[in-house]
Structure formats: C-alpha cells, structure tokens
Amino acid sequence: MPFVRIDALRADRQRLEALGRAVHDALVEAIGIPRDDLFQVLTSHDGTRGTFRYDDGYLGIRRDDDLVFVAVTMRAGRTAEQKQALYRRIAELAEEYAGTEPRNVFVTVTENSLLDWSFGEGVAQYAEAGA
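Everything quoted here is computed from the prediction, not taken from an experiment. (Residues numbered from 1 in each chain as written. Predicted model: local features only at pLDDT ≥ 70, side-chain atom pairs only at ≥ 80, totals over all residues. Heavy atoms only, no water.)

(A) Looking closely at the packing of helix 1 (residues 13-31) against helix 2 (residues 80-98). Interhelical geometry of helix 1 versus helix 2 gives an angle of 150° and a closest axis separation of 8 Å. Judged by the sense of rotation from one axis to the other, the crossing of helix 1 with helix 2 is right-handed. For the pair helix 1 and helix 2, contact is made by R15, A18, L19, R21, A22, V23, D25, A26, L27, E29, A30 and I31 and by Q82, A85, L86, R89, I90, L93, A94, Y97 and A98, respectively. Across the contact of helix 1 with helix 2, the residue classes tally to 15 nonpolar, 1 polar and 5 charged. (Axes fitted to C-alpha atoms, helices over the stretch in contact; angles between N-to-C directions. Helix = DSSP H or I, 4+ residues; strand = E, 2+ residues; numbered from the N terminus. Left-handed = near helix turned anticlockwise from the far one by under 90°. Contact = heavy atoms within 4.5 Å. Nonpolar A, V, L, I, M, F, W, Y, C, P; charged D, E, K, R; others polar.)

(B) Just the pairing of strand 3 (residues 68-75), in detail. One ladder, built from 6 bridges, connects strand 1 (residues 3-9) with strand 3; its direction is antiparallel. Note that in strand 3 the partner of R5 across the bridge is A71. Following the chain from strand 3 across helix 2 to the adjacent parallel strand 4 (residues 105-112), one finds a crossover that is right-handed. (Pairing = 2+ DSSP bridges. Right-handed = clockwise from strand over helix to strand, strands pointing away.)

(C) Expanded view of the pattern of salt bridges. Evaluated as defined, the whole model comprises 9 salt bridges. For R10, the salt bridge is made with D65, and the minimal N-O distance between the two is 3.3 Å. Taken together, the residues R10 in the loop between strand 1 and helix 1 and D65 in the loop between strand 2 (40-45) and strand 3 connect sequence positions 55 residues apart. Taking relative accessible area as the criterion, D65 reaches 38% and is therefore assigned partly exposed. For the salt bridge of D46 with R49, the shortest nitrogen-to-oxygen distance reads 3.0 Å. Given a relative accessible area of 32%, D46 falls into the partly exposed group. Overall, R49 belongs to the exposed group, its relative accessible area being 78%. Through salt bridges with shared partners, a single network forms among E29, R89 and E92. (Salt bridge = Lys/Arg side-chain N within 4 Å of Asp/Glu carboxyl O. Buried < 20%, exposed > 50% of the residue type's maximum accessible area, 1.4 Å probe, protein only.)

(D) Just the packing of aromatic side chains, in detail. If you walk through the whole model with that rule in mind, you get 5 aromatic pairs. Residues F52 and F69 carry aromatic rings whose centres are separated by 4.8 Å and whose planes lie at 65° to one another, so their mutual orientation is edge-to-face. Of this pair, F52 sits in the loop between strand 2 and strand 3 while F69 sits in strand 3; the two residues are 17 residues apart in sequence, bridging distant segments of the chain. Assessed through its relative accessible area of 12%, F52 is described here as buried. (Phe/Tyr/Trp six-rings, centres within 6.5 Å; stacked < 30°, edge-to-face > 60°.)

(E) Local environment of the nonpolar core. Counting 23 residues, the largest nonpolar core has V4, I6, V23, L27 and V70 as the members making the most contacts within it. At the level of elements, strand 1, helix 1, strand 3 and helix 2 are the ones that each hand at least two residues to this core. In terms of residue count, the dominant contributor to this core is helix 1 (9 residues). The contact partners of I6, leaving out residues within four places of it in the chain, are L19, G20, V23, V41, L42, T43, V68, F69 and V70. (Core = buried A, V, L, I, M, F, W, Y, C linked by side-chain atoms within 4.5 Å.)

(F) Quick look at unusual backbone geometry. With a phi close to 60°, L59 is a non-glycine residue in the positive phi region. Among the secondary structure elements, L59 is positioned in the loop between strand 2 and strand 3. One non-glycine residue, E121, lies in the positive phi region at around 65°. Inspection of the secondary structure assignment puts E121 in the loop between strand 4 and helix 3 (125-129).

The following block contains the structure:
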C-alpha cells in the first residue's frame, strides 16, 4: 500500500518513469509489497516555477542538481533491516534505470496505520477488512 512521491529537477517523462519503476521494483523486492500495489506521483520541477533547495554536502554526501527526493508513505511495521534494504535497492535501481547516482537519491519513509488509508468510495478499506 505504499504511496510514493518522487520529485526531480528538470526530469523528462522518461527519467521520471524510470525513477518510478526503480522505487516500485525496490518496494516489491525489499519489503514484499504486491506488484499491483502501485500509487505514485512523479513530478519534475523546471527550476523556475518549481525548484529545489538543498545542502550540497550535508552529512558528507556531495549532491548536485540530479538530486531526487523520494517520499514513501506506508503502513508501520517494517524492520530496520527491511528499511535499509529498501534504501539500498532504491539507490541501486535509480542508478540502473535512470542513471541517477546513489549520492543523489534522498529517501524518506513515513509510517501510518490501517485506518489512515482510503482507496476510494470514502471507505477505509484496510480497517474494514481487518487487514
């Protein structure tokens, strides 16, 4: 059930789709989400109307304008090892699929509960199903 937002600076449609595929494949491989559980918002910022602000050396990591922000919202309950595997796999696949260097892959995970999801119809489907 992850909901993913990916933001990249001056990314064309092909790069955005490659990044989305990388994140989704990593979620499937690293934490076992179902392949058909795909909900993403992919956004390119043109550098004028929408842009990025970031520290290009925070924590000793040299970033540049190929930086990609990946925000994953998902149900709580994954282990530290699963999350570390997810971060690694996203960085690996972003490089493989989109040519984004791992140093430019910034990932955040926000966790929530079953009641925090409605997939339509104004219903919290997971809460009602007791999933």
